[in-house]
Amino acid sequence: MDVDSTLIDQEVIDELGAAAGVGEHIASVTAKAMNGELDFEQALRERVALLKGLDASIFQTVHERVQLTHGAHQLIDTLHAHGWKVGVVSGGFHEVVDLLAQDANLDFTLANRLGQDDGMLTGQTVGPVVTKDVKLASMRQWAQDMGIDMSQTVAMGDGANDLPMIHAAGLGVAFCAKPTVRAQAPYCINERNLALLLDLLD
């Protein structure tokens, strides 16, 4: 599943933007990118550039500020009890996603990394950017690594960059998603309760 506005109620990039004093600008770009109005990678680089100079301690602050979506623990614990594996793939950042993964007991994570120099953010990402194509490829790779047919996979997210993996999964779900995503996803959950996914797995 996706992280921002899916596993958690917030958008981490927006929280970082608020800390940098550019919250409204970053939030407006985020909204357009998630609705498919802007190229995701371009929008990400534009927003990350605005974070230059932030102290890296901001990651812990943001982690403490965000919260797991209602039903997250119930969903993940139930899936684990039935032998499932749960992973997240995020256009957000490992520096926060890894902390969330510990909170939620996740099996797999993939996210972007932010450049740092002497404890300060450089305003750039490090390594490949997690685009919609990377999200899809990671789901396929994890399924292959686990010996799981794609028909037995589930993908869930809220943004346009989640659509390829939603379409490719055996069960694709738009979770409290943007209108363009709801219109294209096979299934929709419109209440902020991740445990409702279990009803689709019966």
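Since we're looking at a predicted model, the values are computed, not measured.

### A short note on the pairing of strand S4 (residues 154-157)
One ladder, built from four bridges, connects S4 with strand S5 (residues 171-175); its direction is parallel. Of the residues in S5, the one forming a bridge with valine 154 is leucine 171. Each parallel crossover has a hand, and the one from S4 via helix H9 (residues 163-168) to S5 is right-handed.

### Looking at the side chain of aspartate 158
Among the secondary structure elements, aspartate 158 is positioned in the loop between S4 and H9. Within the local environment of aspartate 158, its side chain forms a polar contact with the side chain of lysine 178, the two groups lying 2.7 Å apart. Among residues more than four places away in sequence, those in contact with aspartate 158 are Asp2, Asp4, Ser5, Thr6, Glu11, Phe175, Cys176, Ala177, Lys178 and Val181.

### Brief notes about helix H4 (residues 40-49)
If you check which residues of H4 are buried, you get Phe40, Ala43, Leu44, Arg47 and Val48. Around the axis of H4, the buried residues are gathered within 130° of arc, so they sit on the same side. Packed against the buried residues of H4 are helix H2 (12-19), helix H3 (23-34), strand S1 (87-93), strand S2 (108-117) and strand S3 (120-126). Its side-chain oxygen placed 3.4 Å from the backbone nitrogen of glutamate 41, aspartate 39 serves as the N-cap of H4.

### Considerations on the pairing of S2
Sheet analysis places S1 next to S2, joined by four bridges and oriented parallel. Paired with glycine 87 across the two strands is phenylalanine 108, which belongs to S2. What joins S1 to S2 is helix H7 (residues 94-104), and the crossover it makes is right-handed. The pairing of S2 with S3 spans four bridges and is classified as antiparallel. Counterpart to leucine 114 in the pairing with S3 is threonine 125.

### As for the nonpolar core
Leu7, Leu16 and Met156 are the most contacted members of the largest nonpolar core, which totals 47 residues. Per element, the largest residue contribution to this core is five residues, and it comes from H7. Not counting residues up to four positions away in its chain, the partners in contact with leucine 16 are Leu51, Leu54, Ile58, Phe59, Val62, Phe93 and Leu114. Residues Val89, Leu136, Trp142 and Ala155 belong to the second largest nonpolar core, which totals eight residues.

### Here we look at the UniProt feature "active site" (unreviewed entry) in the chain
UniProt tags Asp2 and Asp4 as "active site" (unreviewed entry). Tracing the backbone shows aspartate 2 in the segment before helix H1 (3-7). The residues contacting aspartate 2, other than those within four sequence positions of it, are Leu7, Val88, Val89, Ser90, Lys135, Met156, Gly157, Asp158, Asp162 and Met165. Within the structure, the side chain of aspartate 2 is placed 3.4 Å from the side chain of threonine 6, a separation counted as a polar contact. One can find aspartate 4 in helix H1. On the basis of relative accessibility, which here comes to 7%, the residue aspartate 4 falls in the buried class. Sequence-distant contacts of aspartate 4, defined by excluding residues within four places in its chain, comprise Gln10, Glu11, Val12, Ser90, Gly92 and Asp158.

### Re helix H8 (residues 132-146)
Helix length check: H8 (15 residues) gives 22 Å between terminal C-alpha atoms against 21 Å at 1.5 Å per residue, within 8%. What H8 keeps buried is the set Lys135, Leu136, Ser138, Met139, Trp142 and Ala143. The buried residues of H8 occupy one face: seen down the axis, they fall within an arc of 160°. For H8, exposure combined with an orientation more than 90 degrees from the buried face picks out Gln144 and Asp145. If you follow the buried residues of H8, they end up packed against S1, S2, S4 and H9. Of the residues one or two after H8, glycine 147 is the one with positive phi, at around 70°.

Definitions and limits used
Residues numbered from 1 in each chain as written. Predicted model: local features only at pLDDT ≥ 70, side-chain atom pairs only at ≥ 80, totals over all residues. Heavy atoms only, no water. Pairing = 2+ DSSP bridges. Helix = DSSP H or I, 4+ residues; strand = E, 2+ residues; numbered from the N terminus. Right-handed = clockwise from strand over helix to strand, strands pointing away. Polar contact = N/O pair within 3.5 Å; in protein donor to acceptor, adjacent residues only side chain to side chain. Contact = heavy atoms within 4.5 Å. Buried < 20%, exposed > 50% of the residue type's maximum accessible area, 1.4 Å probe, protein only. Arc of directions from axis to C-beta. Core = buried A, V, L, I, M, F, W, Y, C linked by side-chain atoms within 4.5 Å. UniProt positions renumbered as here; feature names shortened; annotations may be inferred. Expected span 1.5 Å × (residues − 1).

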